[in-house]
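Architecture at a glance
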Amino acid sequence: MRVRRLVAETAVDPSPQAVRDLLAECRLPVDDGLPDRRPGALSGGQQRRVALARALARRPGILLLDEPTAGLDTALRDEIAGLLRHLATTRDLAIVLACHDPELVDRCADDVVDLATACRPAPRPATLPARPEDTVSHPDGMAGNGLTAHGLTVGFTRHGRARLALDGVDFAAAPGSATGIVGPSGSGKTTLLRVLAGLQRPDAGTLTLDDQVLPALARKRGRDRQRRIQLVPQNPLGTLNPARTVGATLARPLRLHQATAKADLADRVTGLLADVGLPADFARRYPAELSGGQRQRVSIARALAAGPDVLLCDEVTSALDPDTATAIMSLLTALRERHGMTLVVVSHEHHLIARYTDTVHLLDTGRITDSGPTASLVAMT
Ligand SMILES: Nc1ncnc2c1ncn2[C@@H]1O[C@H](COP(=O)(O)OP(=O)(O)OP(=O)(O)O)[C@@H](O)[C@H]1O
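Residues numbered from 1 in each chain as written. Predicted model: local features only at pLDDT ≥ 70, side-chain atom pairs only at ≥ 80, totals over all residues. Heavy atoms only, no water.

**Comments concerning the site of the ligand**
Note the cut-off: Whether a residue is near a molecule or strand is decided by its heavy atoms; if any one of them lies within 4 Å of it, the residue is near. Any pair of nitrogen or oxygen atoms within 3.5 Å is treated as a polar contact; in protein, a donor-acceptor pairing is required on top of that, and neighbouring residues in sequence qualify only through side-chain atoms on both sides. Note on areas: Shrake-Rupley with a 1.4 Å probe; residue coverage comes only from the protein chains shown. The numbering of helices and of strands both runs from the N terminus, where a helix is a DSSP run of H or I of at least 4 residues and a strand a run of E of at least 2. For this classification, the nonpolar set comprises Ala, Val, Leu, Ile, Met, Phe, Trp, Tyr, Cys and Pro, the charged set comprises Asp, Glu, Lys and Arg, and every other residue, Gly included, is treated as polar.
Close to the ligand lie 21 residues; R37, S185, G186, K189 and T191 are nearest. Here an oxygen atom of the ligand and a backbone polar atom of G186 are 2.8 Å apart. Here an oxygen atom of the ligand sits 2.8 Å away from a polar atom, N or O, in the side chain of T190. Protein coverage of the free-state accessible area of the ligand, which is 640 Å², stands at 87%. Among the secondary structure elements, those contributing two or more residues to the shell around the ligand are α3 (44-56), β3 (147-158) and α6 (189-197). For the shell around the ligand, the per-class residue count stands at five nonpolar, 13 polar and three charged.

Right, dumping it as structure tokens:
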């Protein structure tokens, strides 16, 4: 369904002009064809503002928002905070927002209810290191050059106008490294990960894995090369099958990529859950019965079930409280160390990129503006 219908569907006034006004009120660019796009063709920040427009379309007296700024860069977060205050005043609206971001609370809220004790993160597995930076290393003797890309270009055409989401991007993630990708909302981070994962065909450019040219699309890569590169997507609820238990979700890649025998599946699933700090009985749960952090862990476990050499993580901590976000990043670092994986992390949380990656690529409007050691390019705070 396209954006204009998504908003009209819930609107008290579904006329085209009212829908445009609502999108503009949520600071979405209505003149570049955005109302005619589908949600998959929007950046994460744009998707959140469309969700806000949908809620406002009902002309509510009370607006309940669950993590309205998760996955947004700080500039957009501040913009949304200002927008929420503006809406509260101009529409005489009571806003209740649940979030992990103390800065957003400071900027928006008149009153705060702290549910801290009810929101303890899941226990970390015993194998996690106390200081993740101690475990960062580049395993010697690994074959090849890891994952590289040259001249990646992706354009999207809307109303006859071509827009480049990626514009000649060169990228490299050395074997066993932890590589960060940072950039403002809409700069092309998700598009880059989707191209690396083989889910989006680039208009130009080449990919190699350990010096072998990779076909653009995952389905042309063959089973083994598909296994080697796995993506943990930005929104796990959207990609975990709601009708499938966690156990069934994890069993699938185990059978497909690792030829796990039926008799061994339950044990392997339990092992994967333990790897991501979840108890064995979670195998019986459905995605809707999990918290955001638990879904994220299941999503990571599903990617690990394939046995990847390169794990691409898109905003995996964006809806998590600071403790859980740190636990997830520590977990990924420990898993990288244990399995000798390469980790590629997209995040707006610069302190996590600074702490948990060794190399970083800065992306802006589809171009790499700088690449190099994280310590010299990204501040810890
Ligand atoms: N399928 C598509 N069709 C048209 N435009 C698209 C499509 N996919 C992405 N875009 C546009 O390409 C640009 C880059 O999007 P992308 O999702 O890669 O950004 P991002 O850096 O990951 O953003 P965020 O941090 O908000 O998630 C955005 O302007 C987005 O609207």
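**What about a nonpolar patch on the surface?**
Filter applied, for reference: To count toward a patch, a residue needs a relative accessible area over 30% and no salt bridge; like charges are then connected within 9 Å, while nonpolar side chains (Val, Leu, Ile, Met, Phe, Trp, Tyr) are connected within 5 Å. We define a salt bridge as a side-chain nitrogen of Lys or Arg found within 4 Å of a carboxyl oxygen belonging to Asp or Glu. For every residue, the accessible area obtained with a 1.4 Å probe (protein chains only) is divided by the maximum for its type, and the residue is called buried under 20%, exposed over 50%, and partly exposed between those limits.
Residues I62, L64 and V96 make up a contiguous nonpolar surface patch of about 320 Å² in total accessible area. Relative to the assigned elements, L64 resides in strand β1 (residues 62-66). Residue L64 is classed as exposed on the basis of its relative accessible area of 66%.

**What about the pattern of salt bridges?**
Under the definition given, this model contains eleven salt bridges. With a closest N to O distance of 3.3 Å, R85 and D110 form a salt bridge. In this pair, R85 is assigned in helix α4 (residues 74-90) and D110 in the loop between α5 (102-108) and β3, connecting sequence segments 25 residues apart. Here D210 ties to R228 by a salt bridge, and the two come within 2.6 Å at their closest N and O atoms. Note that D210 is positioned in the loop between β6 (204-209) and β7 (212-214) and R228 in helix α7 (residues 222-228), a separation of 18 residues in sequence. A relative accessible area of 17% means that R228 is categorised as buried. Salt bridges here are not isolated pairs; linked through shared partners, they connect D210, R228 and D309.

**Here's the deal with the side chain of T153**
Convention followed: For this analysis, residues touch if any pair of their heavy atoms sits within 4.5 Å.
For T153, the location among the structural elements is in strand β3. Overall, T153 belongs to the buried group, its relative accessible area being 17%. At 3.1 Å, the side chain of T153 and the backbone nitrogen of G168 are in polar contact. In this structure, T153 is in contact with L164, L166, D167, G168, P202, D203 and A204, ignoring residues within four places of it in sequence.

**Here we look at the pairing of β1**
Short version of the rule: Only strands that DSSP links by at least two bridges are regarded as paired with each other.
The two faces of β1 differ: L63 and L65 on one face are buried, but I62, L64 and D66 on the other face are not. Alignment of β1 against strand β2 (residues 94-98), held across five bridges, turns out to be parallel. Residue pairing for β2: I62 is matched across the bridge by A94.

**Some points on the packing of aromatic side chains**
Selection criterion: Geometry of aromatic contacts follows a simple scheme: Phe, Tyr and Trp rings, the Trp one being its six-membered ring, pair when their centres are within 6.5 Å, and the pair is stacked under 30 degrees between planes, edge-to-face over 60, tilted otherwise. Charge-over-ring contacts are defined here by two conditions on Lys NZ or Arg CZ: a distance within 6 Å of the ring centre and an angle within 35 degrees of the ring normal.
Summed over the entire model, instances satisfying the criterion amount to zero aromatic pairs. A cation sits over an aromatic face here: R285 above F282, 4.0 Å from the ring centre.

**A few points about the sheet that holds β3**
Rules: Between the N-to-C directions of two axes lies an angle of 0 to 180 degrees, each axis being a line fitted to C-alpha atoms and, for a helix, fitted only over the stretch in contact.
Judged by pairing direction, the sheet is antiparallel, and its four strands sit side by side in the order β4-β3-β6-β7 without closing on themselves. In the strand order of this sheet, the two ends are held by β4 (161-173) and β7, each with one partner. On average, each strand axis in the sheet is tilted by 30 degrees relative to the strand beside it, whichever way the strands run. Pairing between β6 and β7: three bridges, direction antiparallel. Residue pairing in the sheet places L209 in a bridge with Q212 of β7.

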